[in-house]
Amino acid sequence: MDNHYSVPFILRGLLLFLAPFLLIGWLADAFWMWLAIGLIVVVSWHYLYQLRLIHWLWRSRNLLPPSASGSWSYIYDGIYRTQRRSQQRRRALARILRRFREASEALPDAAFVFRRDGALLWSNKLAQFYFGLRWPGDAGLRISSLIRHPDFLAYLNRGDFSEALNMPSPMRESLELELRIMPYSEDQFLLIARDVTQLRQLENMRRDFVANVSHELKTPLTVLQGYLEMMESPADVPDALLAKAVKDMDGQTTRMGKLIDQLLVLSRIESQAGDIFDHKVGMPRLLKALENDAITLNSERNHELVFDFENVDMYGREDEMRSVIMNLVSNAIYYTPAGGTIRISWKPVLGGAMEFCVEDTGPGIAQEHIPRLTERFYRVDRDRNSKRGGTGLGLSIVKHALEHHNSHLQINSLPGKGSRFSFRISAEQLVDDN
Ligand code: ADP
């Protein structure tokens, strides 16, 4: 503002304005009348500008004030500047708010803000998806009436938000959410919800895995312990029972050893990373070795073994492919009753891919078991398999190793007729020697 604008400045202006009136009044010998006329003109002038100001403030859409003179120019300019400043501040605030909203939309979590009395103030898109909130339709409504899950209501009522709450999404039961509420500004709260479904599944898997391994190791240990107790006084043990004990103990220790070996293979496969195109698998050599192993394994069973292999190499990890092939072939030999036929092939199929296939004339597998066969420790018939010494880990090793090679295990089976286990390796993953 102009620094000249002060009481003496106003008085000087007033005096200068009234001076002609005072002069006329003095000359006409009507001083007081002309002073009154001058003052009436001053007051009217002020009323005129006051009227213009009111019109500008309330009716005009123009942001610029009307032109004014004297003290009114200061008033108009002052109001105009204040308005400009508050408009700029409003714009800056809207920008900050927009940025905050954009940032919260980019969050991988659901977020909403509510007041102490429960009124919903704002929510991001993910919150609308997880909790079925509508925005802005639900603005101002109480969250206790929008999210009616009993655990959530109890959590809200308790008012102690130091620990997170886990609950299923009201929109999708299978979605597990972890909710945290944080006090935010004076009487507002920010709720953040994360999707922890996968984390929970992993935790459950780990728990199940530990429980399964412990169970699998405990069974043979109990058998061993029983026999060892019996042998504390070997003189009392009949020879036949002793021979059976030694045979059983041998079987159980072999089984434990196999379990540990397979667990190690599984953990190695799971932790292996890197490009499979870095290594070649010499399939003819691998399949020849497999043929010999299969013939040895088959010595007790006397199945007819039919091999049909093409000389095509692939890219991948040899140790993993050996595990895959051996597991499938040894399963076929073991599960097929003596005298069956087992066909093992590595042959081209449509699209330039190659297929490895093991077909047997064994007992087959009922349809309901098939999707679960590659789960760790899953066995169709626990008793029968424990005699065979199976660990239930073989097909899960196959599944993981094939995933590394961008392939998957295909299982077709008809109970009573036999099973067909196969996987395909795409043309890009085959070694082209030409
Ligand atoms: P295991 O060590 O018990 O053989 P796997 O993971 O290799 O474990 O196999 C899982 C289950 O799948 C086996 O317990 C068996 O019930 C079934 N299975 C696997 N291969 C065959 C097959 N060729 N014929 C019939 N059942 C099979």
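Reading the values: rules and limits
- Residues numbered from 1 in each chain as written.
- Predicted model: local features only at pLDDT ≥ 70, side-chain atom pairs only at ≥ 80, totals over all residues.
- Heavy atoms only, no water.
- Helix = DSSP H or I, 4+ residues; strand = E, 2+ residues; numbered from the N terminus.
- Buried < 20%, exposed > 50% of the residue type's maximum accessible area, 1.4 Å probe, protein only.
- pLDDT = per-residue confidence, 0-100.
- UniProt positions renumbered as here; feature names shortened; annotations may be inferred.

Engineer: Please clarify how unusual backbone geometry should be interpreted in this entry.
Structural biologist: It is generally the case that most residues other than glycine have a negative phi and that most peptide bonds are trans. In the segment running from Trp135 into Pro136, the intervening peptide bond is cis, with an omega of 10°. Relative to the elements of secondary structure, Pro136 occurs in the loop between α4 (125–131) and α5 (143–146). Even without glycine at this site, Asp29 takes up a positive phi of about 60°. Checked against the element boundaries, Asp29 lands in the loop between α1 (7–27) and α2 (31–58). The class for Asp29 is exposed, based on a relative accessible area of 71%. Notably, Phe377 is not glycine yet its phi reads approximately 70°, a positive angle.

Engineer: Honestly, the confidence of the model for the chain in this entry has me stumped. Any pointers?
Structural biologist: Predicted coordinates in regions of low pLDDT should not be interpreted in detail. Chain-level pLDDT for the chain is 90 on average; 97% of the residues reach the 70-or-more range. Within the chain, no element has a lower average pLDDT than helix α11 (residues 382–388), which sits at 55, and none a higher one than strand β10 (residues 354–360), at 97.

Engineer: What should I look at first to understand the UniProt feature "transmembrane region" (unreviewed entry) in the chain in this one?
Structural biologist: UniProt feature "transmembrane region" (unreviewed entry): in the numbering of this structure it lies at residues 7–25 and 31–49. Secondary structure within residues 7–25 divides into 100% helix and 0% strand; the distance between the first and last C-alpha atoms comes to 26 Å. Overall, residues 31–49 shows 100% helix and 0% strand. The separation of its end C-alpha atoms is 27 Å.

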